[in-house]
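Single-letter residue listing:
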Amino acid sequence: MNNVKWLENAVFYEIYPQSFNDTNGDGIGDFQGIIEKLDYIKELGCNAIWMNPCYDSPFLDAGYDVRDYYKAAPRYGTNDDLRRLFDEMHRRDMHILLDLVPGHTSWEHEWFKASCKGERNEYTDRYIWTDNTWEAPEGMNALIGLAERVGACGVNFFSHQPALNYGYYKPKPDKPWQQPMDAPGPKATLEAMKDIMRFWLKLGCDGFRVDMAHSLVKNDEDSKGTIALWQNVREFLDKEFPDAAMVSEWGEPDKSLQGGFHMDFLLHFGPSHYNDLFRCDKPFFGGEGDASEFVAKYLENRKKSGGKGLMCIPSGNHDMYRLAKYIHGDGLRISFAFLLSMPGAPFIYYGDEIGMRYVEGLYSVEGGYERTGSRSPMQWDSSENAGFSNAPADKLYIKLDPSDDRPTAEAAMADSGSLWHEIQRQTAVRMAHPALQSYGDIDFVYCEKDKYPLAYLRTGDNEKILVILNPSAKTVEFPFGGSLGEAVYRYGAMAAQSGGTVTVPAYSAGYYKV
Ligand code: NOJ
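These notes cover the structure that comes with them. Note that the coordinates shown come from a computational prediction; the quantities given were computed from them, not determined experimentally. (Residues numbered from 1 in each chain as written. Predicted model: local features only at pLDDT ≥ 70, side-chain atom pairs only at ≥ 80, totals over all residues. Heavy atoms only, no water.)

## Looking at the overall build of the protein chain
For step 1, the next point in the chain: Of the regular secondary structure elements, the protein chain holds 12 helices and 20 strands.
For step 2, the next point in the chain: Over its C-alpha atoms the protein chain spans a radius of gyration of 23 Å, differing by no more than 12% from the 24 Å that the globule rule assigns to 514 residues.
For step 3, the next point in the chain: Each principal axis of the C-alpha distribution contributes one length, and for the protein chain these read about 80 × 55 × 40 Å.
For step 4, the next point in the chain: Sequence-distant contacts, at least 24 apart, represent 67% of the contacts inside the protein chain between residues at least 6 apart.
For step 5, the next point in the chain: Carbon and sulfur atoms provide 49% of the accessible area of the protein chain, an area that totals close to 19700 Å².
For step 6, the next point in the chain: One way to put it: in the protein chain the 53 positive side-chain charges average out to a point 3 Å from where the 74 negative ones average out. (Helix = DSSP H or I, 4+ residues; strand = E, 2+ residues; numbered from the N terminus. Rg over C-alpha atoms; globule rule 2.2 N^0.38 Å. Contact = heavy atoms within 4.5 Å. Areas by Shrake-Rupley, 256 points an atom, 1.4 Å probe, with all protein chains shown as cover. Lys, Arg positive; Asp, Glu negative; His and termini not counted. Charge placed at Lys NZ, Arg CZ, Asp CG, Glu CD.)

What follows is the structure, encoded as structure tokens:
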């Protein structure tokens, strides 16, 4: 696997296309809306985008239920419009990851309809079917009662998302419907997925964020089968699209990176302790929490993956509560000082740069359930519908944050002390210092249970930068043998060194040359 050059200094912005910018007045965002905001994204300091699924879909799970992998959802535009988005991004030296959903389709997908037929056909084995209508595949929910054929079809997530068949790592001899990975059905599914990747990479996308990448091969306790499957995909990409970047929603970097992914997300689920930092009763960046278990797990993951490959840490995403639900004021600024100085590419969820809030009490939209409040329309300015859309307010895809003091991009950009400007400063410093970027090394210098600050050394070819973060209300100290030099970035008061001790003011963050 080669290292994708542009990931080295990539800073991502995640766009949930429904809610970003509506230019045709139907209450839902579109590709043209994204194009019109590319300069905004660039000005913030992001040079890459991950866009949630934008394919034709009945949208029972916001597009993670694909009906046609080859067609852009008409509500966002056409394939040509999408190609224009790719071109407009490349013109600005930006890159884009599409969201690949390989684990399941919509129950409206033509493959699934054919797979339900009584008569054997090309798609009979495209999904995981048992041979008994009353028996679901072990460990899965199932769709029953829709098909001519006898059997229950396993589902991956919601009931309308039948699971594609990539085979079983260890098929059970008494369950003949469990096919091995190298059976014709599973092999054809994988080839079909490669064709889909080929199609979009040829059209100009730069790679994929892969949905539920861990889930493809069944009965695969240690993920050995799934790892082998992704290695196979990587071989194909190395041959045909060596610069395609692959980022997994897996949450176990020691496994996904072996599979050939360039980066794996640390997320609100899985063993990473990500929530300790941002989303729990006492998050570290809220000022009274603990980062030590996160750091221990982070180091363990780095070791297990041989220091190769990247882990990426998002500010949030469309599946979790907004960062601003738990962290406020200085804490938000210091959270971003962390996110923008860690190895791996940072991901900023749209609206987090202005501290958009989780909107409480919404009914579920498109399978969002409690996630719906994190998917509300972007708040651009103080005009009608916060500048998101010209549609009547009751036609908006999701209701806007109703509060009078909801943050907007316009106000944030006009205020040099805003979170937006702090992030802009942090991204600029990251861009200027390779030591702070994706592949720079990291050593934790100070991280003690329930204590502050968090301090780590980032090392590039020609420089070393010590990051010191203290989101707590107390002045704190830590021992440091080196000598603290110029601050290339600072928020709050400066840290001071006396002999072997560094004193760190409350609510402060700094990147210091050493
Ligand atoms: C993870 C996606 O991020 C989430 O939004 C979706 O509902 C599930 N996978 C199912 O595809």
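Having seen the structure, we can now continue with the description.
## Description of the site of the ligand
For step 1, the next point in the chain: The ligand sits among Asp61, Tyr64, His104, Phe157, Arg209, Asp211, Met212, Glu249, His318, Asp319, Arg371 and Arg375.
For step 2, the next point in the chain: Within the contact set of the ligand, an oxygen atom lies 2.8 Å away from a side-chain nitrogen or oxygen of Asp61.
For step 3, the next point in the chain: In this structure, Arg371 approaches the ligand through a side-chain N or O atom, which is 3.0 Å from an oxygen atom.
For step 4, the next point in the chain: Summarising the interface, the protein chains cover 97% of the accessible area of the ligand, which totals 300 Å² for the free molecule.
For step 5, the next point in the chain: Taken together, the residues that form the shell around the ligand break down as three nonpolar, two polar and seven charged. (Near = heavy atom within 4 Å. Polar contact = N/O pair within 3.5 Å; in protein donor to acceptor, adjacent residues only side chain to side chain. Nonpolar A, V, L, I, M, F, W, Y, C, P; charged D, E, K, R; others polar.)

## As for the side chain of Asp211
For step 1, the next point in the chain: You can see Asp211 is positioned in the loop between β8 (207-210) and α6 (224-240).
For step 2, the next point in the chain: A relative accessible area of 7% places Asp211 in the buried class.
For step 3, the next point in the chain: Those residues within four positions of Asp211 in sequence are excluded, and the remaining contacts are Tyr64, Asp99, Leu100, Val101, Pro102, His104 and Glu249. (Buried < 20%, exposed > 50% of the residue type's maximum accessible area, 1.4 Å probe, protein only.)

## Description of helix α5 (residues 184-203)
For step 1, the next point in the chain: With 20 residues, α5 ought to run about 28 Å at 1.5 Å a step, and its terminal C-alpha atoms sit 29 Å apart, in line with that.
For step 2, the next point in the chain: One or two positions beyond α5, positive phi appears at Gly204, with a value near 125°. (Expected span 1.5 Å × (residues − 1).)

## Quick notes on unusual backbone geometry
For step 1, the next point in the chain: For the peptide bond that leads from Tyr452 to Pro453, omega is 0°, which places it in the cis range.
For step 2, the next point in the chain: Looking at where Pro453 falls in the secondary structure, it is placed in the loop between β13 (441-446) and β14 (454-459).
For step 3, the next point in the chain: Here Ser223, not a glycine, exhibits a phi torsion of approximately 65°, which is positive.
For step 4, the next point in the chain: Note on placement: Ser223 falls in the loop between β8 and α6.

## Here we look at the pairing of strand β9 (residues 245-248)
For step 1, the next point in the chain: Residues of β9 alternate between two faces, with Ala245 and Val247 on one and Met246 and Ser248 on the opposite face, all of them buried.
For step 2, the next point in the chain: As for the winding sense of the linkage, the β-α-β connection from β8 through α6 to β9 is right-handed.
For step 3, the next point in the chain: As defined by bridge partners, β9 adjoins strand β10 (residues 263-265) across two bridges and the pair is classed as parallel. Opposite Ser248, over in β10, you have Asp264 as the bridge partner. (Right-handed = clockwise from strand over helix to strand, strands pointing away. Pairing = 2+ DSSP bridges.)

## Observations regarding the sheet that holds strand β17 (residues 487-491)
For step 1, the next point in the chain: Reading across the sheet, the five strands line up as β13-β14-β15-β20-β17 and stay open at both edges, with antiparallel pairing between neighbours. Looking along the sheet, the strands with just one partner apiece sit at the ends: β13 and β17. Neighbouring strand axes in the sheet, compared pairwise and without regard to direction, differ in orientation by 15° on average.
For step 2, the next point in the chain: Contacting β13 and β14, helix α9 (residues 292-304) runs over the sheet at an angle of about 150° to β13.
For step 3, the next point in the chain: Sitting on the sheet, helix α12 (residues 419-432) touches β17 and β20 (508-513), and the angle it makes with β17 is about 160°. (Axes fitted to C-alpha atoms, helices over the stretch in contact; angles between N-to-C directions.)

## A word on the environment of Val66
For step 1, the next point in the chain: Assignment of secondary structure puts Val66 in the loop between β3 (55-56) and β4 (68-72).
For step 2, the next point in the chain: Exposure remark for Val66: the relative accessible area of 0% places this residue in the buried category.
For step 3, the next point in the chain: Between the C-alpha atoms of Val66 and Glu148, which are 82 residues apart in sequence, the distance is 22 Å.
For step 4, the next point in the chain: When near neighbours in sequence (up to four residues on either side) are disregarded, Val66 contacts Tyr55, Asp56, Ser57, Val101, Thr105, Ser106 and His109.

## What about the state of the cysteines?
For step 1, the next point in the chain: Tallied over the full model, the rule gives zero disulfides.
For step 2, the next point in the chain: The closest cysteine sulfur to the non-disulfide-bonded Cys46 is located on Cys312, 14 Å from its own sulfur.
For step 3, the next point in the chain: The structure places no disulfide on Cys447, whose sulfur is separated from the nearest cysteine sulfur, that of Cys280, by 14 Å.
For step 4, the next point in the chain: Relative accessible area serves as the criterion here: at 21%, Cys447 is assigned to the partly exposed category. (Disulfide = S-S within 2.5 Å.)

## A few points about the sheet that holds strand β2 (residues 48-51)
For step 1, the next point in the chain: The eight strands lie next to each other as β11-β10-β9-β8-β5-β2-β1-β12, forming an open sheet whose pairing is parallel. The open sheet terminates on both sides in strands that have one partner only, identified here as β11 (310-312) and β12 (347-349). When the angles between neighbouring strand axes are averaged without regard to direction, this sheet yields 25°.
For step 2, the next point in the chain: Across four bridges, strand β1 (residues 12-15) lies against β2 in parallel orientation. The partner of Phe12 across the bridge, within β2, is Ala48.

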